Each structure stands twice: as structure tokens, then as C-alpha cells.
Amino acid sequence: MSITSSHTQISRKGILHTVEAYVGGEKCLSELYDSYRYVPAHDIDASCTKDATIVKLICLNFIQKRKLKKFAAKEMWLSREACCRTIVRYLDYLPSISAIVSEKHPRDGAIHPARDRFGDGAILNIAWDLLLALAYLHSRGIIHGDVRPRNVIPFPSYPRRDRHKLFGHGLVPDVISYWPKDDGYTAPEFLPKNAGTCKKGKQTKEVMKPTFESDIWQLGMLLWHCHRYGTHWDSEIVPSRKNSWQSESLLQPDLTLDSENSMKGIRPLAFRAKGCEGSSHDWLQQLLRNMLDENPLGRSTAMELLQQMQSQRSHAVEKKELEEDVEDMKDAVEAAKKENWERSPLGKVVMGAKRVQVDFTRLILLISLLCHLI
């Protein structure tokens, strides 16, 4: 059931949320609403997170709702310092409608390779931001599982360039059902072996758990789709069909060396009529080779790819900014681990014991001081 602008909701944190407007979503998956949070003055986020986006997940069964509640309860308490700057932060949870409250999504929404024309430099910026996000999640033991354009959202970031943030971590496959689909974003190891013999519409929806390696494959496909659309725009698709082209329906690229169909290959990566720049094109080509490997063990990790990009730009103006991004991401990982441990049952016991020890020490010092005065 959709919620209307007249609805108010009380969150898990006890904060009142007013729904302002429906702003979109994915069919049979989610509904997005702008909302306003009446944050208490003592709340750490009171100064900057009053506006938010409500993400209402639909068609969930009882088990999925329970898993969503459990995950959201852990993520929503993380401080700003414990969240990577290229992850869409979860702020709260609305149990009555099974909805996550996240930082406010920009009006333009997610990227769309069929709408946005990305030069190689812009694609590398997207790669950097999303690799930071995946390195953060993977370091915490979290697999994203759905690195697709619909979950990549550009956020303004003055005075630096816009940052692309990854949304939806922790939802696949427990909350949002995941199964192999015969499209480019499905890692080769998850494709059904009998896909060629199955009748259309009869393939079984076998639940497959995504992996760190499949996240890297999906990111590689996203970057390849962003690059390939420029090729279609410039030469292959007539103007009347530009708006109807769907990036996610593309087949996987040709991964063979010196591919005969160079427009679909990555060895070498096609050089488009527009948007390709010398060194940036070479860097993107090398990056895709290390992501789009049919053998999952042959794919580089997110951290290795970040290091590769740092070495590529070792003489670039933004070298210092790249180093700061990586250090901030590592600090956020450590902060998240610490905060989650402190909220765990064992952590609460240990922290409680430390507080008792401190209070006892203070009491002894006070008694000693009084005895000295007497």
C-alpha cells in the first residue's frame, strides 16, 4: 500500500517523519518518498539531516521484513564518521511500513547510461567513487549484490566534483530476492548451465548468494555500459531510438583478445568517436580487464583496484585528494567496526565493566582525598 503526503510515521529512533511527496521507485521493488524528520536538538544529525528519503520496500514476506528490521537496526545507529562518503547513508527505520530512511536523494535520481553521456574521465570518476564504496563494504564483510545504474546516485559535493554514491547495501539477497538473470550484470559463475536448453520463461529462480567477486563484475559491467552507450549514441543508433535504448539489456562484452567485434570488446576497448581521451581511455581499458574476468579468482579486489587507480594518477593534480579519500574510507571502516562491537552483547558487557571500573577508581580517589583532608 502506498503512503500519502498526509501520513506521519514514528521511526525506530522515536523520531517523527512527515511524508511530503512520492518521487519514484522501481516497479515491484521499492517506492521513494521525500520526507522531513523532526530531529531533536540533541541528536547528532540535527543540523544536517532533517530532509530525507523514505525507501519503502514492497512485496516483502514476513522473513524478509524481519531481516530488514535486523539489518536496519544495526546500520542506522552508525555515526557519520563510520560511514563512507560514497555510500548512501541509512539514517533510520520505519517499522510500521517496512521502510528505510536514508539521506535525501537528489532530484535527478540515479545515473542512466541511456540518458547521460559519459566521457572516459567521468567514467573513471564513477569507478573511483564506487570502488571506495565497495572497499568499505567488503572490509566490513558486507556484499552489495546489486551494483547497477539504478543504485548509483550522483550527489553534489561543493567545491569538489559531484560524488557518485552507492545505494542499497545489505538488501540482496536476504531482503530483496536475488537470482541469476541472463543479462550483462550477472557474473558468469551464476549463469545457469542449461540456459540454452531451457524454454523461455521456465528458468528456475534459484537463489544464489552474491560474492565480493560478483560485485566487482557488476561494477565492471556498469562502467562498460557507460562507455558503450557513447558508441551507440555516436554511430549505431538512429536519433529516434536513443531514448528507448536500455543499457541493462545489453549482452556481456566480448572478452577475447583482439575481438573481431571491436565495438563490444574490452581487449582492446573500443575507441568512440566522442568522449574518449588518450590516457583516460587506456586507464579505463586496463581497469575493465581486471574487473571483467570470467574466472572470479582472476578479478582484482576493490582495494587492489583503488591502488591501481592511485598509481595511474600518481602525477595528477588530484593525487592528494585520492589519498585522503582512501584514508577516510579506512577510518570509516574502523569506526563502523568499533561502533558495531560496542553495541553487541559482548561489547555492552565489556563497556559496562569498564564504566564500573572507572566509577570504582573515582570512588577510591574520593575516599582517599577525604581521608587526607580529615
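Computed from a prediction, not measured in an experiment: that's the story for all the values here. (Residues numbered from 1 in each chain as written. Predicted model: local features only at pLDDT ≥ 70, side-chain atom pairs only at ≥ 80, totals over all residues. Heavy atoms only, no water.)

*Asks:* Describe the pairing of strand S4 (residues 51–57), naming the residues involved and giving the relevant values.
*Replies:* Counting buried positions along S4 gives six out of seven residues, so the element sits mostly inside the fold. Examined bridge by bridge, strand S3 (residues 30–38) and S4 share seven bridges and lie antiparallel to one another. Paired with Ser30 across the bridge in S4 is Leu57. Of the strand pairs in this sheet, S4 and strand S6 (residues 99–103) are connected by five bridges, and their pairing is antiparallel. Looking at S6, one finds that Thr53 is bridged to Ser102. (Buried < 20%, exposed > 50% of the residue type's maximum accessible area, 1.4 Å probe, protein only. Helix = DSSP H or I, 4+ residues; strand = E, 2+ residues; numbered from the N terminus. Pairing = 2+ DSSP bridges.)

*Asks:* Describe the sheet that holds strand S2 (residues 16–26), listing the residues and the values that go with them.
*Replies:* Across the sheet, which stays open at both edges, the six strands sit in the order S1-S2-S3-S4-S6-S5 with antiparallel pairing between neighbours. The open sheet has two edge strands with one neighbour each: strand S1 (8–10) and strand S5 (90–94). Shown here is a sheet whose adjacent strand axes are inclined to one another by a mean of 35°, direction ignored. On top of the sheet, helix H1 (residues 62–75) reaches S4, S5 and S6; it is set at about 140° to S5, its chief contact. (Axes fitted to C-alpha atoms, helices over the stretch in contact; angles between N-to-C directions. Contact = heavy atoms within 4.5 Å.)

*Asks:* Describe a nonpolar patch on the surface, listing the residues and the values that go with them.
*Replies:* Together, Phe360, Leu363, Ile364, Leu366, Ile367, Leu369, Leu370 and Leu373 line one region of the surface with nonpolar side chains, adding up to about 770 Å² of accessible area. Tracing the chain through its elements places Leu370 in helix H7 (residues 345–373). In this structure Leu370 comes out as partly exposed when scored by relative accessible area, which is 46%. (Patch = residues over 30% accessible without salt bridge, like charges linked within 9 Å, V, L, I, M, F, W, Y side chains within 5 Å. Areas by Shrake-Rupley, 256 points an atom, 1.4 Å probe, with all protein chains shown as cover. Salt bridge = Lys/Arg side-chain N within 4 Å of Asp/Glu carboxyl O.)

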